[in-house]
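Residue strings, one per chain:
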Amino acid sequence: MRSLTSRFSWRKNNKLNNHDEKPKLIESTPGGLRLLLISIGLLTLTALPHFGHLRIEIMIVFLALVGYRCLAAKYRNLPRNRWVIYLSATIGFSISAWFYGPPFGRDPGVAFLVVLLGLKSLEITSRRDVSIVIMLGFFTIMTQFLYADGVSWTIPMIILVGGLMWLLAQMEHAEPQTFMLGDIKLVGKMFLQALPVVVILFYLFPRLSGSLFLFQGDGNSGVTGLGDSLKMGSISSLVESEEVAFVASFFDQEPPPPSERYWRGTNFWVTDGREWSRGGHGVHLISKERTIVEKKYTYEIELQPNNQNWLFALDHPGQAPKNAWLQGDHHIINKEPVKSEIRYELDAVSFDDSEQLLAAEERLGLDLGKTEITPRLQKLVDSFTDQAPSSIAIANRALQYFNQNEFVYSLSPPLLDSNAPVDEFMFESQTGFCGHYASSFATMMRQADIPARIVVGYLGGDYNPRSNQIVVRQSHAHAWTEIWQEGQGWIRVDPTAAVAPERIESSIDLNGSTGNNGQVLFSSLNLTGFKKFITEAIWIKDSIKAKWNRWFINFDRDRQQELLRSLGLGNLDFRYITIFAFLLALTIITMVSLLIFRREKKPLDATTQLSLLFDKKMMSMGLARGKSEGPRDFQLRAVKAFPSQKSELKDISNQLIRLRYRMQGSSEEVSHRADTNQLVQLKKAIKSLNIKP
Amino acid sequence: MSLFPESGVDAPSGRIWDWLQSLTRTVETESNGVRVVRPKQVYIFPTRYGFLYCIMLIAMLFGSNNYGSNPGFLFTFLLTGLGLAALFQTWKNLVGLQLSSARSSPVFCGQPARFEVTVKNVDTVHKAGISCYPWKNKFFMSKAIDLPALEEGTLVINKPTASRGQMLLGKVCLTTRYPLGLLRSWVYIQFDESCLVYPSIGEVAEGFDYAQDNQSAKSSTKVDGDDFAGHKTYQDGDNVMHVDWKAVARGKGWNLKHFEDQKGEEIWLHWGATSGLEFEQRISALTKAVVQLEKAGKSYGLSIPGEKLQPSSGANHQHLCLKALALFQA
Amino acid sequence: MKNTYQHKLEILIDQANQIILGKPDAIKLAVATLLANGHLLITDKPGVGKTTLANVIAQLFGLNFKRIQFTSDLLPADITGVTIFDQEQHQFSFHQGPLFTQLVLADEINRATPKCQSALLEGMEERQVTVDRQSHKLPSPFFVIATRNPDEQSGTFMLPDSQLDRFMLGISLGYPDRAAEREMLLNPDPRNKLESLDPILDPDLLVQLQGAASEVTTSGPLLDYLQNLLAFSRQDPAFQSGYSPRAGMSLLAVARAWAFLERRDHVLPEDIQTILPYTRHHLSAKDQGTDLSQLLLTHVAVP
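Within each chain, residue numbers correspond to sequence positions counted from 1 in written order. Here the convention is simple: chains get letters from A, ligands get numbers from 1, in the order in which they are written. With pLDDT at 70 or above as the cut-off, local features in this predicted model cover only qualifying residues; side-chain atom pairs require 80 or more to be listed or tallied, and sums for whole chains, interfaces and linings still use all residues. Derived side-chain values reflect all non-hydrogen atoms in the structure, with water molecules and hydrogen atoms excluded from consideration.

**Q** Describe in detail the overall build of chain C, supporting the description with residues and values.
**A** In this description a helix means any DSSP run of H or I spanning at least four residues, a strand means any run of E spanning at least two, and both kinds are numbered starting from the N terminus. From N to C terminus, chain C includes 13 helices and eleven strands. Split into buried and exposed, the 303 residues of chain C put 52% on the buried side. What makes two residues a contact is simply this: any of their non-hydrogen atoms within 4.5 Å. In chain C, the share of contacts with a sequence separation of at least 24, taken over all contacts with a separation of at least 6, comes to 77%. Here the accessible surface of atoms and residues is derived via Shrake-Rupley with a 1.4 Å probe, and residues count as covered only by protein chains that are part of the display. A total of about 14,100 Å² of accessible surface is found on chain C, and carbon and sulfur atoms cover 49% of it. Burial here depends on accessible area, computed with a 1.4 Å probe over protein chains only, as a share of the maximum for the residue type. Under 20% is buried, over 50% is exposed, and the range in between is partly exposed.

**Q** Quick rundown of helix α9 (residues 359–366) of chain A? Include the residues and the values.
**A** Residues and elements named next belong to chain A. Residues of α9 that are buried include every one of Glu361, Leu364 and Gly365, and no others. On an axial view of α9, the arc spanned by its buried residues comes to 100 degrees, and they lie on one face. Turned more than 90 degrees away from the buried face of α9, the exposed residues are Ala359 and Arg363. Elements that come into contact with the buried residues of α9 comprise α13 (434–447), β14 (452–459) and β18 (489–493). Note that the arc is defined by the directions from the helix axis to the C-beta atoms.

**Q** Just give me the short version of a nonpolar patch on the surface, but keep the residues and values in it.
**A** Residue and element names in this part refer to chain A. Only residues whose relative accessible area exceeds 30% and that take part in no salt bridge are eligible for patches, with like-charged residues grouped when within 9 Å of each other and nonpolar side chains (Val, Leu, Ile, Met, Phe, Trp, Tyr) grouped when within 5 Å. The salt bridge definition used is simple: a Lys or Arg side-chain nitrogen within 4 Å of an Asp or Glu carboxyl oxygen. On the surface, Leu45, Leu48, Phe51, Ile56, Ile60 and Leu63 cluster together to form a nonpolar patch covering roughly 490 Å² of accessible area. A per-element tally of the nonpolar patch places helix α2 (residues 56–74) first, with three residues. Its location among the elements puts Phe51 in the loop between α1 (32–47) and α2. For Phe51, a relative accessible area of 31% corresponds to the partly exposed category.

**Q** Requested: an account of the pairing of strand β4 (residues 91–96) of chain C, with residues and values cited.
**A** All names here are of chain C. Any two strands with at least two DSSP-identified bridges between them are counted as paired. Pairing of strand β3 (residues 81–86) with β4 involves six bridges; the strand directions are antiparallel. Note on β4: the bridge partner recorded for Ile84 is Ser93. As consecutive antiparallel partners, β3 and β4 are separated by four residues, and within that stretch His90 has a phi angle of approximately 55 degrees, a positive value.

**Q** So, the pattern of salt bridges: which residues are in play, and what are the values?
**A** All names here are of chain A. The tally for this structure, following the rule as stated, stands at 30 salt bridges over all chains. A salt bridge links Glu629 to Arg637, with the nearest nitrogen and oxygen atoms 2.8 Å apart. Residue class for Arg637 comes out partly exposed when judged on its relative accessible area of 34%. Taken together, the shared-partner salt bridges connect Arg264, Asp315, Glu361, Arg453, Glu482 and Arg492 into one network.

**Q** I'd like a description of unusual backbone geometry, backed by residues and values.
**A** For the bond running from A:Asp315 to A:His316, omega is -15 degrees, close enough to zero to count as cis. As for its placement among the helices and strands, A:His316 is situated in the loop between β8 (313–314) and β9 (324–326). Residue B:Tyr178 is joined to B:Pro179 through a cis peptide bond whose omega torsion reads 5 degrees. Residue placement: B:Pro179 occurs in the loop between β11 (165–176) and β12 (183–198).

**Q** Got a sec to walk through the packing of helix α5 (residues 279–296) of chain B against helix α6 (residues 315–327) of chain B? Specific residues and values, please.
**A** Residues and elements named next belong to chain B. All axes are obtained by fitting lines to C-alpha atoms, using only the stretch in contact for helices, and the reported angles, taken between N-to-C directions, cover 0 to 180 degrees. Two elements in contact, α5 and α6, have axes separated by 10 Å at closest approach and are oriented at 175 degrees. In terms of axis orientation, α5 runs roughly antiparallel to α6. Only Ala315, Gln318, Cys321, Leu322 and Leu325 of α6 make contact with α5, whose side of the interface consists of Ile283, Leu286, Thr287, Val290, Val291 and Glu294. In this classification, Asp, Glu, Lys and Arg are treated as charged, Ala, Val, Leu, Ile, Met, Phe, Trp, Tyr, Cys and Pro as nonpolar, and every other residue, Gly included, as polar. Classifying every residue of the contact of α5 with α6 by side-chain character gives eight nonpolar, two polar and one charged. For classification purposes, angles smaller than 35 degrees are called roughly parallel, those larger than 145 roughly antiparallel, those between 65 and 115 roughly perpendicular, and all remaining angles oblique.

**Q** Explain the packing of aromatic side chains residue by residue, including any values.
**A** Stacked, tilted and edge-to-face are the three classes applied to pairs of Phe, Tyr and Trp rings, where Trp contributes its six-membered ring and a pair requires centres within 6.5 Å; stacked means planes under 30 degrees apart, edge-to-face means over 60, and tilted covers the rest. Counted under the stated rule, the structure contains 37 aromatic pairs over all chains. When the centroid spacing of 5.3 Å and the interplanar angle of 55 degrees are considered together, the rings of A:Phe205 and B:Phe77 count as tilted. Here A:Phe205 is found in the loop between α7 (180–204) and β1 (229–231), whereas its partner B:Phe77 is found in helix α3 (residues 70–92) on a different chain. In this structure B:Phe77 comes out as buried when scored by relative accessible area, which is 3%. With 5.8 Å between their ring centres and 35 degrees between their planes, B:Phe279 and B:Phe328 make a pair best called tilted. Linking B:Phe279 in helix α5 with B:Phe328 in the segment after α6, this pair joins segments that are 49 residues apart in sequence. On the accessibility criterion, B:Phe279 (29% relative accessible area) is partly exposed. A relative accessible area of 8% means that B:Phe328 is categorised as buried. Every member of this aromatic cluster is reached through a ring pair, and the members are A:Phe246, A:Phe250, A:Trp263, A:Tyr297, A:Tyr299, A:Phe312 and A:Tyr458.

**Q** Describe in detail empty space enclosed by the protein, supporting the description with residues and values.
**A** All names here are of chain A. Here a cavity denotes grid points, spaced 1 Å and computed from the protein atoms alone, that fit a 1.4 Å probe unable to get out, and a pocket denotes an open set having protein on both sides within 12 Å along at least 5 of 7 lines; residues with an atom within 4 Å of a point are the lining. Grid points are joined across faces, edges and corners, and a volume is the space filled by probe spheres set on the points. As enumerated under the stated definition, the model contains three cavities of 30 Å³ or more in all. Quantified by volume, the largest cavity comes out at close to 170 Å³. If you go around the largest cavity, you meet 13 residues; those closest to its centre are Ser611, Asp615, Arg625, Pro631 and Leu656. Of all elements in the fold, only α19 (606–620), α20 (631–641) and α21 (646–662) reach the threshold of two or more residues within the lining of the largest cavity. If you tally residues by element for the lining of the largest cavity, the top one is α21, at five residues. Looking at the lining of the largest cavity residue by residue, the classes come out as eight nonpolar, two polar and three charged. Looking at the second largest cavity, its volume works out to about 50 Å³.

**Q** I'd like to hear about the environment of A:Pro414, residue by residue, with values.
**A** Looking at the secondary structure, you find A:Pro414 in the loop between β12 (408–409) and α12 (421–429). Measuring from C-alpha to C-alpha, the distance between A:Pro414 and A:Thr431 comes to 7.3 Å, with 17 residues separating the pair along the chain.

**Q** Tell me about the nonpolar core, and please be specific about residues and values.
**A** Core analysis: the largest hydrophobic core is formed by 83 residues, its most contacted members being A:Phe138, A:Met165, B:Tyr53 and B:Leu79. The element best represented in this core is helix α6 (residues 154–171) of chain A, accounting for ten residues. Apart from residues no more than four positions distant in its own chain, B:Tyr53 is found in contact with A:Met135, A:Phe138, A:Met165, B:Leu79, B:Leu82, B:Gly83 and B:Leu182. Judged by nonpolar contacts, the second largest core, of 78 residues, contains C:Leu63, C:Leu197, C:Ile275 and C:Leu276. Side-chain atoms within 4.5 Å link the members of a nonpolar core, which is a set of buried Ala, Val, Leu, Ile, Met, Phe, Trp, Tyr and Cys residues.

Next comes the structure, spelled out in structure tokens:
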């Protein structure tokens, strides 16, 4: 009867209020403006990392588009009709095409996508429009990972996904800006539900090799590492970098002691008096047939990209890894320059003494090229060779000379700009680092008719006992020499050791840093107190990082193969893919049927739920209600157990007793009748109980 | 006649379709009068966005594989996992909802019937974005509601009316896309409640002539006749029925339509007086007369075959007259 | 209103405690039974104060009281009364037996023959007796306190289960504790005190009280618990026979009365748990040794 009066005006409201209308402009709905700005903010964040790889013009277009949309939300009279959108689309896509061409391939595609994202943001009118832009946002995040530096964005981007999911949920509400917190909880719950799926798919989803499309990754640039020549002074810039060069894992073996941690990169045979290099396209010496005496270590190296085609190895590598060749001078040449992180396994072996000097080695090892030998240098070399019985004796005299004169190890030596830098270093500055010592020593050895070569690589590394790994950083870069001794073969001589023996036993401490006059302080391993704590923390960090690298960043087809074998799932072949697909289908079917055909539980009514919640809460506080314990007995016991919360406990249990025992009728009926507000309050009260027993 | 299409724009109709529908699970009324959405009754299917999402996932999978990007794989699988979680959540958003029976008030034919259903969320987490529509008539999708934990809300279901009489609400589809909008889940609910539909007053010629009524000598006036004697200012206690609402709406203040002969005149509406018209039009004509006389504050009686209502006025009397007309069968 | 009733009941219980020393539980249970309009069975050795208890209750409630000593040669007519031909008036007239009173103490019920027992029990259940095809209404309220010797004593007839079921509660008084016994030894005859007792209630008030007690709320979850108990007693293999539907009803009624005595307007599971041990006579165990009420108390969950 209630609406009899209103029926007289039925003609006026016979239009349904929710269908004939156009979708409402999002910013004019209550709370819509805030939601719009949040959406645009998050969408901008999805494109943000592309600042690193896209041309700035594209990003300007993008920012202009989303910026215009934000302005339009504030100044409602800004035109935003289809002509504006057509115009901006034409301009945006033209700019993208101008710089990148048609949108095929990674960079052009991403540029196109970012412009599209901006345009779609500009187009947002209703709440539903936001959904489609969010889809594009997901795609934009994805393209980030097609770049090598995308890895570092993994965690922030996952958080951003949470934000976008939250936005999607917000868009589905009847009223915007309700349940903001509830939706955060819901998204969190969904992430937890998704977690097992993510883990299973990530590790078990068959990784197919090779690219399925023709466009392949664009190159890497700006990677750091050892150069392919050694000028006096060139390593010093590297030494200041804490960046990881590679990580060597020794699995369950003892790692080599610090004095044996010479990681050979390549050998420099050719010199022009100022610079040492590999010479032309490098020296290729055939591998020598030698007898292995002992296999010392087996280890795996995860090498960061360095754009060079040599691989680092402990002396002496027994065999080259896949797609690489072992050279006669023990350095390993990779098939192509290392542009992305690679892994390889190596053995370190020792040979017997029967090494033969190849003709090429003799020729190259004695060639001083255009090196200018000053008379006083010649005189010095002569003093070494005088009546010396062996190459080693000559070398020792040279080392003694370094040791006994006032040579200083410094990372910031004075410039050597004369025509005879070796002479200048030996007699005037007498200050330098490994490169200076190695090149002058090698020069002097060659002048003394001893075949000599410079080896560049890394010395030392930070040993992490947690993961049994040695982390080698750019600051460990080093150069040393090898000389030929008849009957013993090529032997390693490190002249730097004669000046700064600590350099071999420990690494340069960049935190304690180069003190006055560039004098280097060396840190040794017997640490105490706070320093030890710091070191420990660093170890833990590194071991986590190592695991992260092993199980996430470098997880590839090979690793998957290993994993499958260890799980007893066989090879990663067609059969596995079939089985995987089958299992996947089976799991989904089982889950769905469990969901649908599980025994139907009658949904619990609110008061029963509350009383169960109270029991659960008390149990979590260490006081479980007995199976057949009545509510009042339990109340008395609870009050006795937690006297500090006496009044709260009493209040809650009295309310529960009232709901469950004082009201006539089944608990369903009571739940229907009860005041919802009171139930919610009670629930809150139960949840906020918090007593440590 | 109807403003709205009877069959929906979205659902195909036909014998096979109806047969398929007869196989579907429907939420039934339980013994205590409550309808509870049970897990087995919920259907789920991707929306347009859901399909788009799937295509996007496949593209991402190819992209990640192509560039050997582990974060790419991780991200793709994360979105896959979230999609599956959404499957569960969208399904769960309907399970356990309790629906009351549908309440309605009478409407005139051509106006949509308005049914109100109370939906109760007995879960301790919120449910949201729930709306419903009469089966096969997605056009009448109701406004969505959000339900906080343990609270209830009211869904308003509009259903077009095409003929007078009792109209059954029948099958209703309760649906949601929450939380992600990638999937839609729905349940069918059978409602046995009906709404009384008064006859239409849409297309009747003006000037129904009461003069043909030979039993009332004074009834030679027309509804729109001279009796209307002008406005009088409204004072507390006056009959609100006589307020000139149109004038109020125009902002001219509260005035009463003053009628000279508000009392003492009884008008009889006879079935016979409409004899020149078709059957339904006769009913419409009487309906319109009832509405207009009531509006004019007159006292009127209705006499149709099988039903005779003594002259009176007021909302309840009007309702009885209109009900008699609505249910009148030849 | 209810509170003043309950206050009176408390005074009553207090007074009873002054006379029957050291048995507060038994007194309260007896009062609860009376409130629930049921009958009480006291199983105990002679001389522990069963008769005194009945006496005190009758006195305090202001009820007419008669005592029937059951013996093996007692006839049903001795209880119910007989129809005698009145020669002066030339018609049969019914002479009421001792059952026609408001409170009957049926002493040592198990010493009588089954025929006699059933005459009493008919009266308990139907609240009427039938003599020579004529039914005679018993007064209201009607309340039986029956005592019995433990069954192993000689010269007794076992009460059939169906008849035991008609008693709402079954209690036993047991020996008094040391302090109470000392008091009794010092004042050997409580009868003097008994005679000086003034009734606190009257039969009309009792009927009102019974009505008030029956209005105590029993909620859905509480009934769930009660039904769980009943179902457990019927299903568990340790039980020979479980609670009958009648036993279930009397359990609920006495739980209400108990809650009423506790000044509550609703029954809690604790009320049922308190009186549960006194309903053992409704049950029988497969193995005589099992404590059935304990089994119920520990195994049936409170929802």
